[in-house]
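Examination of the molecular architecture
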Amino acid sequence: MDIAFALYPGMTALDLVGPYDVLANQPEVTAHFVAASPDPVRCDAGLVLVPTATFDELTTADVLVVPGSGRWAEALEDGAVAAWLRRAHPTATWTTSVCTGSTLLARAGILTGRPATTHWAVRDELAALGALVRTDRVVVDRSVITAAGVSAGIDMALTLVGLVWGDRRAEFTQLVLEYDPRPPYRAGSPETAPAEVVAFARDVLRPR
């Protein structure tokens, strides 16, 4: 099974690395890192990833994984990822996104009229791009799976493992990774975080 992980400047590393760790460790999987050019790609916090193929070289894969970015609007404007998705999605078995990566799926026309989720701060923008926005951590709609904020990418990948190889494989993968999150604060969503923290985060994340 070929899985293509899309790379682009300013992407959030954990959006990719979390699903990668879940999916690339499956024995049937060959992972590919795909970008607009063969040049190294710098993530938003400075981590550098090296593509193994370009968007022109790899236009088909069984699974597509699109990470998000705090600079998602720039990725929309650039258009390279959306253009690749328009070519690769029709033949993919699964097309997935993490966090604001859903906006790139929407720009490619994949989420029009579909239920989908994204980072809480970008729900209105995703709706404006044609998606039927949900607040779930993971939304499965036929061949498309979207995940909410950064950590939900691991949930998305485990969901996909369960759909492809069954619940026992997914449970085994979760156990081997010791994925048993117990965050020290209840501030992971606008529904549970203190109001003043939500207000501050909205101000910081508001597009300038």
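Before going into details, it helps to say that this report is about the structure given with it. These numbers come from a predicted model, not from an experiment.

Looking only at helices and strands, the chain features 8 helices and 11 strands. By its C-alpha atoms, the chain is 45 × 40 × 35 Å across when sized along the principal axes. Split into buried and exposed, the 208 residues of the chain put 48% on the buried side. Across the chain, every contact between residues at least 6 apart in sequence was considered, and the portion connecting residues at least 24 apart equals 63%. Entry remark: accessible area of the chain is about 10,400 Å², with carbon and sulfur atoms responsible for 53%.

A few words now on the packing of aromatic side chains. This model, assessed by the stated rule, comprises 4 aromatic pairs. Between Phe-5 and Tyr-20 the ring centres are 5.6 Å apart and the planes differ by 70°, which places this aromatic pair in the edge-to-face class. Linking Phe-5 in strand 1 (residues 2-6) with Tyr-20 in helix 1 (residues 13-23), this pair joins segments that are 15 residues apart in sequence. The buried category is assigned to Phe-5, whose relative accessible area is 0%. With relative accessibility at 29%, the residue Tyr-20 sits in the partly exposed group. Centroid distance Phe-55 to Trp-84: 5.2 Å. Interplanar angle 25°. Geometry classified as stacked. Of the two residues, Phe-55 is situated in the loop between strand 5 (53-54) and strand 6 (63-66) and Trp-84 in helix 3 (residues 80-88); the sequence distance between them amounts to 29 residues. Accessibility expressed as a relative area gives 7% for Phe-55, which makes it buried.

Moving on, we get to the sheet that holds strand 1. Read from one edge to the other, the open sheet built from 7 strands follows the order 5-2-1-6-7-11-10, with strand pairing classed as mixed. Strand pairing shows two members of the sheet lacking a second neighbour, strand 5 and strand 10 (138-141), which therefore form its edges. Judged from the 5 bridges that link them, strand 1 and strand 2 (residues 30-35) form a sheet pairing that is parallel. Note that in strand 2 the partner of Asp-2 across the bridge is Thr-30. Strands strand 1, strand 2, strand 6 and strand 7 (94-98) of the sheet are contacted by helix 1, whose axis makes an angle of about 170° with strand 1. Contacting strand 6, strand 7, strand 10 and strand 11 (144-147), helix 6 (residues 152-165) crosses the sheet at an angle of about 160° to strand 7.

This part takes up the environment of Asn-25. For Asn-25, the position within the fold is in the loop between helix 1 and strand 2. The class of Asn-25 is exposed, set by a relative accessible area of 53%. Expressed as a C-alpha distance, the spacing of Asn-25 and Thr-173, which sit 148 residues apart in the sequence, is 8.5 Å.

What counts as what
Residues numbered from 1 in each chain as written. Predicted model: local features only at pLDDT ≥ 70, side-chain atom pairs only at ≥ 80, totals over all residues. Heavy atoms only, no water. Helix = DSSP H or I, 4+ residues; strand = E, 2+ residues; numbered from the N terminus. Buried < 20%, exposed > 50% of the residue type's maximum accessible area, 1.4 Å probe, protein only. Contact = heavy atoms within 4.5 Å. Areas by Shrake-Rupley, 256 points an atom, 1.4 Å probe, with all protein chains shown as cover. Phe/Tyr/Trp six-rings, centres within 6.5 Å; stacked < 30°, edge-to-face > 60°. Pairing = 2+ DSSP bridges. Axes fitted to C-alpha atoms, helices over the stretch in contact; angles between N-to-C directions.

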